[in-house]
Amino acid sequence: MNVPGTAQTIEQAALSAMERAYAPYSQFRVGAALRSRDGRVVTGCNVENAAFPSGICAERAAVAAAVVQGVNDLEELLVITEAEAPTPPCGMCRQVLQEMAPGLHITSLTIHGARAEWGIAELLPHPFTSGALVHSQAVRNSTRQG
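Throughout this document, residue positions are counted from 1 along each chain, in the order its sequence is written. Since the coordinates come from a predicted model, pLDDT governs what is reported: local features require at least 70, and pairs of side-chain atoms require 80 or more to be given and counted, while whole-chain, interface and lining totals use all residues. Hydrogen atoms and water are omitted, and side-chain values are computed over all heavy atoms in the structure.

### Considerations on the pattern of salt bridges
So, point 1. Salt-bridge detection follows one rule: a side-chain nitrogen of Lys or Arg within 4 Å of a carboxyl oxygen of Asp or Glu. Inspection of every chain in the model, using the stated rule, returns 8 salt bridges.
So, point 2. Where Arg-115 meets Glu-11, a salt bridge forms, and the shortest distance between an N and an O atom there is 4.0 Å. Pair noted here: Arg-115 is in strand 5 (residues 115–119) and Glu-11 is in helix 1 (residues 7–19), with a separation of 104 residues, a long-range link.
So, point 3. Whether a residue is buried, partly exposed or exposed follows from its accessible area with a 1.4 Å probe, protein chains only, as a fraction of its type maximum: under 20%, in between, or over 50%, in that order. Judged by its relative accessible area of 47%, Arg-115 falls in the partly exposed class.
So, point 4. The class for Glu-11 is partly exposed, based on a relative accessible area of 30%. Secondary structure elements are defined from DSSP: runs of H or I of at least 4 residues count as helices, runs of E of at least 2 residues count as strands, and each element is numbered from the N terminus.

### Details of a nonpolar patch on the surface
So, point 1. A residue counts toward a patch only above 30% relative accessible area and without a salt bridge, and it is joined to like-charged neighbours within 9 Å or, for Val, Leu, Ile, Met, Phe, Trp and Tyr, to nonpolar neighbours within 5 Å. Computed with the Shrake-Rupley method and a 1.4 Å probe, the accessible areas treat only the protein chains shown as cover for residues. Taken together, the side chains of Tyr-22, Tyr-25, Val-47, Phe-52 and Ile-56 present a nonpolar region at the surface, about 500 Å² in accessible area.
So, point 2. Within the secondary structure, Val-47 is located in the loop between strand 2 (41–45) and helix 2 (58–69).

### Brief notes about the pairing of strand 4 (residues 105–110)
So, point 1. Strand 4 sits mainly inside the fold: 5 of its 6 residues count as buried.
So, point 2. Here, a strand pair is defined by DSSP locating no fewer than two bridges between the strands. Bridge analysis of strand 3 (residues 74–81) against strand 4 gives 6 bridges, and the strand direction is parallel. The residue of strand 4 that forms the bridge with Ile-80 is Leu-109.
So, point 3. Crossover handedness is defined by viewing with both strands directed away from the observer: a clockwise path from the first strand over the helix to the second marks the crossover as right-handed. As for the winding sense of the linkage, the β-α-β connection from strand 3 through helix 3 (residues 91–100) to strand 4 is right-handed.
So, point 4. In this sheet, strand 5 lies alongside strand 4 in antiparallel orientation, the contact comprising 5 bridges. Paired with Leu-109 across the strands is Arg-115, a residue of strand 5.
So, point 5. Here strand 4 folds back onto strand 5 in antiparallel fashion, the turn holding 4 residues, of which Gly-113 has a positive phi close to 100 degrees.

### A short note on the nonpolar core
So, point 1. We define the nonpolar core as a collection of buried residues of types Ala, Val, Leu, Ile, Met, Phe, Trp, Tyr and Cys that are connected through side-chain atoms lying within 4.5 Å of one another. Membership of the largest hydrophobic core comes to 21 residues, with the highest contact counts inside it found for Leu-34, Leu-74, Leu-77, Leu-97, Leu-104 and Ile-106.
So, point 2. Of all the secondary structure elements, the ones that give two or more residues to this core are strand 1 (30–36), helix 2, strand 3, strand 5 and helix 4 (120–123).
So, point 3. It is helix 2 that provides the largest number of residues to this core, a total of 5 residues.
So, point 4. The residues contacting Leu-97, other than those within four sequence positions of it, are Glu-59, Val-63, Leu-77, Pro-89, Pro-102, Leu-104, Ile-106 and Ile-120.
So, point 5. Ala-14, Met-18, Leu-78 and Ile-80 belong to the second largest nonpolar core, which has 8 residues in total. Any two residues whose heavy atoms approach within 4.5 Å at even a single point are treated as in contact.

### With respect to the side chain of Asn-46
So, point 1. On the secondary structure map, Asn-46 appears in the loop between strand 2 and helix 2.
So, point 2. Look at Asn-46 and you get buried, because its relative accessible area is 8%.
So, point 3. A 3.5 Å cut-off defines polar contacts: any pair of N or O atoms within that distance qualifies, except that in protein one atom must be a possible hydrogen donor and the other a possible acceptor, and neighbouring residues in sequence count only when both atoms are side-chain atoms. A polar contact is formed between the side chain of Asn-46 and the backbone nitrogen of Val-30, at a distance of 2.7 Å.
So, point 4. Discounting chain neighbours no more than four positions away, the residues touching Asn-46 are Ala-21, Tyr-22, Ala-23, Phe-28, Arg-29, Val-30, Ile-56, Cys-57 and Ala-58.

Structure below.
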């Protein structure tokens, strides 16, 4: 029996998501599972499109699903691929993950048994944050008044 939030549950959830990925162009299927502090697990898979920028990565698909389902306080992301080496999230996903869960722990597995782990801060040490937007707004306001 799997207890919600356990490693086996999150790995199986990510694998199941990977099996449903739509990757006819790259053949690079990715499954992702996010776990919240209360043990809820939300999944996503990559969905490609012939208009390449229109696709979405598994990690951001999982974040979108978490938002829709009201799952927050995310603490763990597990990504699984069919690659030989563990694959970290892409740059765009790193930015989204950092904003949604700045303390996120990321594990990348392959179906061949390879494993790597990182903290989101390790993968994106200098993120663009809302603080930059506040500074930008203050600068705009001061130049309008002067």
